[in-house]
Structures are given as structure tokens and as C-alpha cells.
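Notes for the structure review
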Protein chains: 2
Amino acid sequence: MQLFYQADIVDGINLLDEEESRHIQKALRLTVGDTIRLTDGKGYYYEAQLAPNQGRSSAFKVLTKTRSPAPKHSIHVAIAPTKNADRIEWFVEKVVELGIQQISFVLCDNSERKTINLDRIEKKAISAMKQSGQYHLPMINGLIPYKQFVKTVKEEERFIGFVDEENPHRLKDLAKSKSSYVILIGPEGDFSEAELNLSYTHNFKKVSLGSTRLRTETAGIAACHILNLVNSH
Amino acid sequence: MQLFYQADIVDGINLLDEEESRHIQKALRLTVGDTIRLTDGKGYYYEAQLAPNQGRSSAFKVLTKTRSPAPKHSIHVAIAPTKNADRIEWFVEKVVELGIQQISFVLCDNSERKTINLDRIEKKAISAMKQSGQYHLPMINGLIPYKQFVKTVKEEERFIGFVDEENPHRLKDLAKSKSSYVILIGPEGDFSEAELNLSYTHNFKKVSLGSTRLRTETAGIAACHILNLVNSH
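Predicted, not measured: the structure shown is a model, and the values here were computed from it.

Section: the sheet that holds strand β4 (residues 44–54) of chain A
Residues and elements named next belong to chain A.
- In space, the five strands of this open sheet follow the order β1-β3-β4-β5-β2, with mixed pairing throughout. Unpaired on one side and paired on the other, β1 (3–5) and β2 (13–15) mark the two borders of the sheet. Along the sheet, successive strands turn relative to each other by an average axial angle of 45°, direction set aside.
- Pairing between strand β3 (residues 35–39) and β4: five bridges, direction antiparallel. Looking at the pairing, Arg 37 lines up with Glu 47 of β4.
- Contacts from helix α1 (residues 18–27) reach β1, β3, β4 and β5 (57–67), with the element oriented near 100° to β5.
- Across the sheet, helix α3 (residues 118–131) lies against β1 and β3, angled at about 150° from β1, the strand it touches most.

Some points on the nonpolar core
- The biggest cluster of nonpolar side chains holds 74 residues, and the ones touching the most others in it are Val77(A), Leu171(A), Ile183(A), Val77(B), Leu171(B) and Ile183(B).
- When neighbours within four sequence positions are excluded, Leu171(B) is seen to be in contact with Phe159(B), Ile183(B), Val207(B), Ser208(B), Leu209(B), Ala223(B), Ile226(B) and Leu227(B).

Quick look at the side chain of Asn228(A)
Residues and elements named next belong to chain A.
- Relative to the elements of secondary structure, Asn 228 occurs in helix α7 (residues 216–230).
- Here the side chain of Asn 228 touches Leu 98 through a polar contact of 3.3 Å, landing on its backbone oxygen.
- Those residues in contact with Asn 228 that lie beyond four places of it in its chain are His 73, Ile 75, Leu 98 and Gly 99.

As for the pattern of salt bridges
- Tallied over the full model, the rule gives 20 salt bridges over all chains.
- Residues Glu217(A) and Lys94(B) are paired through a salt bridge, measuring 2.7 Å at the closest nitrogen-oxygen approach. With Glu217(A) in helix α7 and Lys94(B) in helix α2 (residues 85–98), this pair bridges two chains.
- The buried category is assigned to Lys94(B), whose relative accessible area is 1%.
- It is possible to trace a salt-bridge network through shared partners that takes in Arg87(A), Arg215(A), Glu217(A), Glu93(B), Lys94(B) and Glu97(B).

Considering the relation of the copies chain A and chain B
- When chain A is fitted onto chain B, the two copies agree to an RMSD of 0.0 Å after a turn of 180° and an axial shift of 0.0 Å. Taken together, the rotation angle and the small translation identify this as a two-fold axis.
- When the interface residues of chain A are mapped onto chain B, 100% of them again fall at the interface, so both copies present the same face.

Observations regarding the pairing of β5(A)
Residue and element names in this part refer to chain A.
- In the sheet, β2 pairs with β5 via three bridges, with the strands oriented antiparallel. Each bridged residue has a counterpart across the sheet, and for Ile 13 the counterpart in β5 is Lys 61.
- Counting the residues between successive antiparallel strands, the hairpin from β4 to β5 contains two residues, one of them, Gly 55, with a positive phi of roughly 65°.

Section: the confidence of the model for chain A
- Summarising the model, chain A shows a mean pLDDT of 94, and 98% of its residues fall at 70 or more.
- Reported for the predicted complex are a pTM of 0.94 and an ipTM of 0.93.

What to know about the domain arrangement of chain A
Residues and elements named next belong to chain A.
- Examined at the domain level, chain A breaks down into domain 1 (3–67) and domain 2 (74–230).
- At the interface, 12 residues of domain 1 touch eight residues of domain 2.
- Buried area between domain 1 and domain 2, both sides added, is near 790 Å², and the carbon and sulfur share of it is 64%.
- Among the residues of domain 1 in contact with domain 2, Leu 3, Tyr 5 and Gly 41 are the three that bury the most area, contributing 54% of the side total.
- Put simply, domain 1 and domain 2 have one salt bridge between them.
- Linking Lys 130 and Glu 20 is a salt bridge whose minimum nitrogen-to-oxygen distance equals 3.1 Å.
- The set of elements that each furnish at least two residues to the side of domain 1 that touches domain 2 consists of β1, β3 and β4.
- At three residues, β1 tops the list of elements feeding residues into the side of domain 1 that touches domain 2.
- Classifying every residue of the side of domain 1 that touches domain 2 gives five nonpolar, three polar and four charged.

Quick look at the pairing of strand β9 (residues 157–161) of chain A
Residue and element names in this part refer to chain A.
- With five of five residues buried, β9 is to be regarded as a mostly interior element.
- By the alternation rule, side chains of β9 split into Glu 157, Phe 159 and Gly 161 and Arg 158 and Ile 160, which are all buried.
- Bridge count for β9 against strand β10 (residues 180–185) is four bridges, and the pairing is parallel. When the bridges of β10 are listed, Phe 159 appears paired with Ile 183.
- Here β9 runs beside strand β11 (residues 205–207); their pairing, made up of three bridges, is parallel. Bridge pairing in β11 places Phe 159 opposite Lys 205.

Side note on α7(A)
- Between the first and last C-alpha of α7(A) there are 21 Å, a value that for 15 residues agrees with the 21 Å anticipated at 1.5 Å per step.
- Burial analysis of α7(A) places 15 of its 15 residues in the buried class, which makes it a mostly covered element.

Quick look at the packing of aromatic side chains
- Taken as a whole and judged by the stated rule, the model has five aromatic pairs over all chains.
- Judged by centre distance (5.2 Å) and plane angle (35°), the ring pair of Tyr45(A) and Tyr135(A) falls under tilted. Of this pair, Tyr45(A) sits in strand β4 while Tyr135(A) sits in the loop between α3 and β8 (139–145), and the two are 90 residues apart along the sequence. Each member of the pair, Tyr45(A) as well as Tyr135(A), carries the same accessibility label: buried.
- Their ring planes at 50° and their centres at 5.7 Å tell us that Tyr146(B) and Phe191(B) sit as a pair that is tilted. Of this pair, Tyr146(B) sits in helix α4 (residues 146–152) while Phe191(B) is found in the loop between β10 (180–185) and α6 (193–201), placing the two residues 45 residues apart along the sequence. For the pair formed by Tyr146(B) and Phe191(B), the shared burial category is buried.
- One residue, Lys65(A), lies across the ring of Tyr44(A), its end atom 4.6 Å from the ring centre.

Description of the interface of chain A and chain B
- At the interface, 26 residues of chain A touch 27 residues of chain B.
- Summed over the shared surface of chain A and chain B, the result is six salt bridges.
- Residue Glu93(B) pairs with Arg87(A) through a salt bridge whose shortest N-O separation is 2.6 Å.
- At the boundary of chain A and chain B, one finds 22 residue pairs in polar contact (both at pLDDT 80 or more).
- Of all the secondary-structure elements, those providing two or more residues to the side of chain A that touches chain B are α2 (85–98), α3 and α7 of chain A.
- For the side of chain A that touches chain B, the per-class residue count stands at seven nonpolar, nine polar and 10 charged.

Thresholds applied
- Each chain carries its own residue numbering, running from 1 in the written order of its sequence.
- Throughout, the order in which chains and ligands are written sets their labels, letters from A for the former and numbers from 1 for the latter.
- The predicted origin of the model limits local features to residues at a pLDDT of at least 70 and limits the giving and counting of side-chain atom pairs to 80 or more, whereas totals for whole chains, interfaces and linings rest on all residues.
- Water and hydrogen atoms were dropped before computing side-chain values, which therefore reflect all heavy atoms in the structure.
- Strand pairing is defined by DSSP finding a minimum of two bridges between the two strands.
- Going along the chain from the N terminus, every DSSP run of H or I of four or more residues is numbered as a helix, and every run of E of two or more is numbered as a strand.
- The angle between two axes is taken between their N-to-C directions and runs from 0 to 180 degrees, where each axis is a line fitted to C-alpha atoms and a helix contributes only its stretch in contact.
- Contacts are assigned to residue pairs with any non-hydrogen atoms lying within 4.5 Å of each other.
- The nonpolar core is taken to be a set of buried Ala, Val, Leu, Ile, Met, Phe, Trp, Tyr and Cys residues, with the residues joined through side-chain atoms within 4.5 Å.
- Partly exposed describes any residue whose relative accessible area lies between the buried limit of under 20% and the exposed limit of over 50%, with all areas from a 1.4 Å probe on protein chains only and scaled to the type maximum.
- Here a polar contact is recorded for every N or O atom pair within 3.5 Å, except that within protein the pair must consist of a potential hydrogen donor and a potential acceptor, and residues adjacent in sequence are included only if both atoms are side-chain atoms.
- Salt bridges are identified by distance alone: a Lys or Arg side-chain nitrogen within 4 Å of an Asp or Glu carboxyl oxygen.
- When the copies are overlaid, the least-squares fit takes in C-alpha atoms only where the residue has pLDDT of at least 70 in both copies.
- The predictor's confidence in any single residue is recorded as pLDDT, a number from 0 to 100.
- The split of the chain into domains comes from an automatic or database domain assignment.
- Accessible area, probed at 1.4 Å, shrinks when two parts are joined; the buried area is that loss added up over both.
- Only Asp, Glu, Lys and Arg are considered charged in this grouping, and only Ala, Val, Leu, Ile, Met, Phe, Trp, Tyr, Cys and Pro are considered nonpolar; every other residue, Gly among them, is considered polar.
- Here a helix's expected span is defined as the number of its residues, less one, multiplied by 1.5 Å.
- Only Phe, Tyr and Trp rings take part, Trp by its six-membered ring, and two of them pair if their centres are within 6.5 Å. Stacked means planes under 30 degrees apart, edge-to-face means over 60, and tilted covers everything else.
- Definition used: whenever NZ (Lys) or CZ (Arg) falls within 6 Å of the ring centre and also within 35 degrees of the ring normal, the charge is taken to sit over that ring.

Below you can see the structure in the form of C-alpha cells.
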């Protein structure tokens, strides 16, 4: 059964936004008295009953509200947006499906793309959350300069994805379970020497994600998946 | 430095295909005497020198030929093509980047898509192999009926991705390292009961890939990544 999203859900009558309302009325052909399932993306799951439409908006009344516990770990991927915008959106869809708590976009010395469309990215995230039956929408932060980002991270375990011959440390071996993680993923042209050095002074550890050379978005997905596997028992 | 692909490379003078030739001449502006790197996708890596063009084709002569060892494990993902063709191509690009030995497409009871464009898919695979600096092109098999596929598999360890409440077995815990694996990934509407039962009679084990509900192509990527991680030491 389909899951709907509404950021703020109150006790009495709620109105769904136009897109979700159109879907309910035209595609699913649901009507007064029918039951729908919703999430607020903040960890709550609702069963609700459709009330009479108000104008074009579908209205609903909450029947039950259930809290879904947050995981004991927290994964934060900070990534340089790829040149091709589709690849960023794909990255977001896939990490939300796999499970992620926070996504940041960082502007690096070698970044070719200097803007992102945060609205489109948030829509992708909401759609992937609904599709994969989850009730927690990750926090998504707009593009900020790498230097600024690195100085403000709060996570306990800090990693920077960087492959070279002298780097035998694998993320899957270094990450401890039930921790909070942040991992930096560089642009197509990779991190600069200055960026690498700055990360070390802020206690980031250089890690490899596998034996092949990965595109930026694939590296981001692989990192998120590894950290989820470390926490799956 | 860029990697070129040519399936058959001989000792004397070789001609590159039109697309690679155009790239060499127009984009990279390489000329007689310049060095290029190639792979035949069969595990060999070549350094070669450009010879005078023959018509529109770039010509080259092999300088060195090096064998790149194949991994000690073998990963085969058999997947029902997704309704949306882009998602199949993304799946192929990502699993080739991560490392895979064989891809099969299977037609299931609940498959919505009944055809695939194998030419486009092979092009995606070649491009991902070059991009990720690998020298082994996975074998890619055209669409065949599920029942036919299941009866002919030769791999030692056989898995079928299927999530239900009674399935506590995780692929990452069941797969042994240095083995040959095949894993079946179902369509959007999932495997039918008959398909599940048929797989069990052919020694497939039901496995879960993680704690969230994944789209078909994401499940395929996750399975391939897990099997690679099991083999990364």
C-alpha cells in the first residue's frame, strides 16, 4: 500500500498538497472514508481516513500515530556535486533507499559544478523515502565551501574517501558499529593536496572504498552502503 | 590517462573503430608517435603507439602487453529488467564499476518489461570498464525465461534476494569468500511463489540484502557490492 508524505500532520483535519491530492483522486480514485498511510519524515507513521475534499485538496483525519525508532548509528555523506546533475539525483535516490541520516554538498577546489537544485534533490529524497517504506527523511544541506564544512563537522568517526597506493585502510575495517560517521567524497578531479591536509588536521582518516576506481556518485553510494552493512546484525 | 577498448588486438598494425578514432583525433588531438593505453576486455592491458591513420581510422602498434589477473571469486547477478530502461543501464554501469564477472537478464512471471536493448547495455558496460580502469569485461547474457535460467546455473553458491518477515539470513553473512556466486534479483512485482519454490529445488538460498525495501536495480547493485566486500581483504 502506498505511503504519502506530509511534513506537518496535526490532530484534526489535514489537507494534502496538490500533487498528492491529484494522485489520490485521479490515479488511485480514493474517496471519503478510504484509509491512507502517511509519514511526516520525522519518524512517525500515520493511518488516516479521507474526509471530504476541500477545493482540490484531499483532506484526512489521523486514526493512529506510531513512532518508528531511529537507528543507533548516524551516516552523513558530504559529497562534491557531479558535473552531470542526473548523477547527483541518482546518488540521493540510492542513498535514501539504502538508509542515510544526512547529506551535505561541498564545493571543492576541483569542483566543476558550482550550483545544485536543492528543491529537485529534496523531491527525489522524499520520493525515495516513500518508495522504500521509511519514515525518516534525511537532512539535506545546501552547497557550502569545503573548508567551511570540514571545520564544523560534529561526527565522531570522520573519513575521507581517497585511493592511492599508500592507502591500505578500508572503510569497512575502520568503521565501528553504532557510531556517528561523516565521510567526504571528492569531485571528478579529486581532492586537492590542501584539502586532504586540512581534513587530517580535523581528524579525518583516509579510507579506500574497494579495489576499483569509482565515479563520485558510485563512491558516495558505496560508502553509505558499507556503513549500513557495518551496522546490520 | 584514458583507456581505449578494442576486443581483438593483434601483433602488427591494428585499426581502432570509428568512434574511438574520432575521439583520438578530434578530442584528444593525438597523432603519429603518441602513446595510448588499451584493453581487450579479456584481462590484457596494452601500451601502444599511434601509426599513420588509415582513412578515418586511427592505427596503432602494440608496444607492451600485460596480463591482469582475474579475481579469485566470480560474481553473477541475474536480474529482471526494470520497467524503465534507464534503470537497467544504471545498474549495469554501477555493477561494472564495482566489479562483476557476469550479468544475466531473466524474464519473470511479474516482469513488466519483456525486451532489452543488449547493444546499448554492452556499450554502457564497456564505457564503465574503461572509466573505472578495469581490463575484464563481464559476460552479459540476453533475456531468457526464469525457469530456463535457474536450471542451467553452474555457480557453487546460489542466492535469491527476497525479503519477508521470516527471512533473517543476510547475504553478507552467508556468502563465503573466494567462491563463485549467482544471485537472482526479482522484478518490481517480485518473484512469484512458483519461482521461489523452483529456486529452492535448485539449491538457491533466500537472502536479505539489508533492512530497507530496495528497488530492483538498487538490490542488484547492493548484492554485487556485498559480494565484492566479502572478497576484499
